[in-house]
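# Commentary on secondary and tertiary structure
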Amino acid sequence: MSHLEPEQLALLAMGEPVASDAEADHLAECAVCADELALFRHTAIVGRSAIDAGELETPPDVVWSRISEELGLGAHVLVADRVDEQHEPERAPAPATASAPTADVAAVPAPARHAEPRRRSRLVWALAAALVVVAGVGVGSWALLQRNASTEIAQAELNPFPDHPDAVGAAVVEEERDGELLVRVTVDSAATPDTYREVWLINSDATALISLGVLDGTEGTFPIPSGVDLRDYVLVDVSQEPIDGDPQHSGDSIVRGELSFV
């Protein structure tokens, strides 16, 4: 059977199941198709690895020139609409003997030697298309990660109170892309039956406090209410609370620490 089309090889390199059983058998036996598939796979890997951060730039024409030179294609691949024009079949020269009819010889077209360059040209454009697809997926993923990224703005080491000498903890405040503030709290302390742990923000002189919620397990993330100034509510506190229905702070703090801003 004939070689697989470059466009089909590009799809195979990106993981698309577009080969029939017969085409898969051909691919396993044909060195030309196998080499082209390996080239496409390398292109896909390079394209994916290039999407890590920063702004993406359109490659200059010299990049395409170097691709063309590497594949031995010549400058014709840079201008698609001139490919056929630059590879018109050559006319066979007239024989030297006078008895040969020149018109008849000239009327015979040369073999289609431009078929292989044309396939190479299609190969280059398929490579370029594969890079565009990979880059598009990569940019989309990168943009989604950037949109969901958060920034750490403060942290605190949470120190134990005398009644809980073995407790340790930490707090990290992060600002989301939309401006929302979250505090992530971790606490490692011995559990006490019939109690639960609650996370608080307390102002610097301990005269006002805000409950952020119940800490279930050793780690939790809590939204900080809009309008709360962390320069005022600079203390993060985790208390042990009895199950008595009283929403007030029990006075039994497990750990507490002051936020330092980064």
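Everything that follows concerns the structure shown earlier in this document.
Everything quoted here is computed from the prediction, not taken from an experiment.

### Thoughts on the pairing of strand β3 (residues 181–188)
Each regular strand displays side chains that alternate between the two surfaces of the sheet. Sheet topology places strand β2 (residues 168–175) next to β3; 8 bridges connect them, and they run antiparallel. Along β3, the bridge assignment pairs E175 with L181. What sits between β2 and β3 in their antiparallel hairpin is a turn of 5 residues, with G179 showing a positive phi close to 95°. Sheet topology places β3 next to strand β6 (residues 219–223); 5 bridges connect them, and they run antiparallel. Across the sheet, the residue bridging to V183 is F222, located in β6.

### With respect to helix α2 (residues 21–29)
For α2, every residue scored as buried is listed here: E23, H26 and L27. All buried residues of α2 fall inside an arc of 100° around its axis, so they share one side. Summarising the geometry of α2, the exposed residues directed more than 90 degrees from the buried face are D21, D25, A28 and E29.

### Details of the pattern of salt bridges
For the structure on display, the rule yields 3 salt bridges. Of the charged contacts, one joins E174 and R184 as a salt bridge, the two residues approaching to 3.0 Å between their closest N and O atoms. Taken as a pair, E174 in strand β2 and R184 in strand β3 lie far apart in primary sequence, 10 residues in all. For E174, a relative accessible area of 18% gives the class buried. R184 gets classed as partly exposed once you look at its relative accessible area, which sits at 28%. Here D237 and R256 are joined by a salt bridge, their closest N and O atoms 2.8 Å apart. On the criterion of sequence distance, the pair formed by D237 in strand β7 (residues 235–242) and R256 in strand β8 (residues 253–258) is long-range, its members being 19 residues apart. In this structure R256 comes out as partly exposed when scored by relative accessible area, which is 24%. Where salt bridges share partners, they join E174, R184 and E219 into one cluster.

### Description of the nonpolar core
Among the nonpolar cores identified, the biggest contains 29 residues, and L158, V183, V185, L201, I224, V238 and L259 are the most heavily contacted of them. When residues of this core are traced back to their parent elements, those giving at least two are β1 (151–160), β2, β3, β4 (195–202), β5 (209–215), β7 and β8. Membership of the second largest hydrophobic core comes to 10 residues, among which are L12, C30, C33 and L37.

Thresholds, definitions, all that
Residues numbered from 1 in each chain as written. Predicted model: local features only at pLDDT ≥ 70, side-chain atom pairs only at ≥ 80, totals over all residues. Heavy atoms only, no water. Pairing = 2+ DSSP bridges. Helix = DSSP H or I, 4+ residues; strand = E, 2+ residues; numbered from the N terminus. Buried < 20%, exposed > 50% of the residue type's maximum accessible area, 1.4 Å probe, protein only. Arc of directions from axis to C-beta. Salt bridge = Lys/Arg side-chain N within 4 Å of Asp/Glu carboxyl O. Core = buried A, V, L, I, M, F, W, Y, C linked by side-chain atoms within 4.5 Å.

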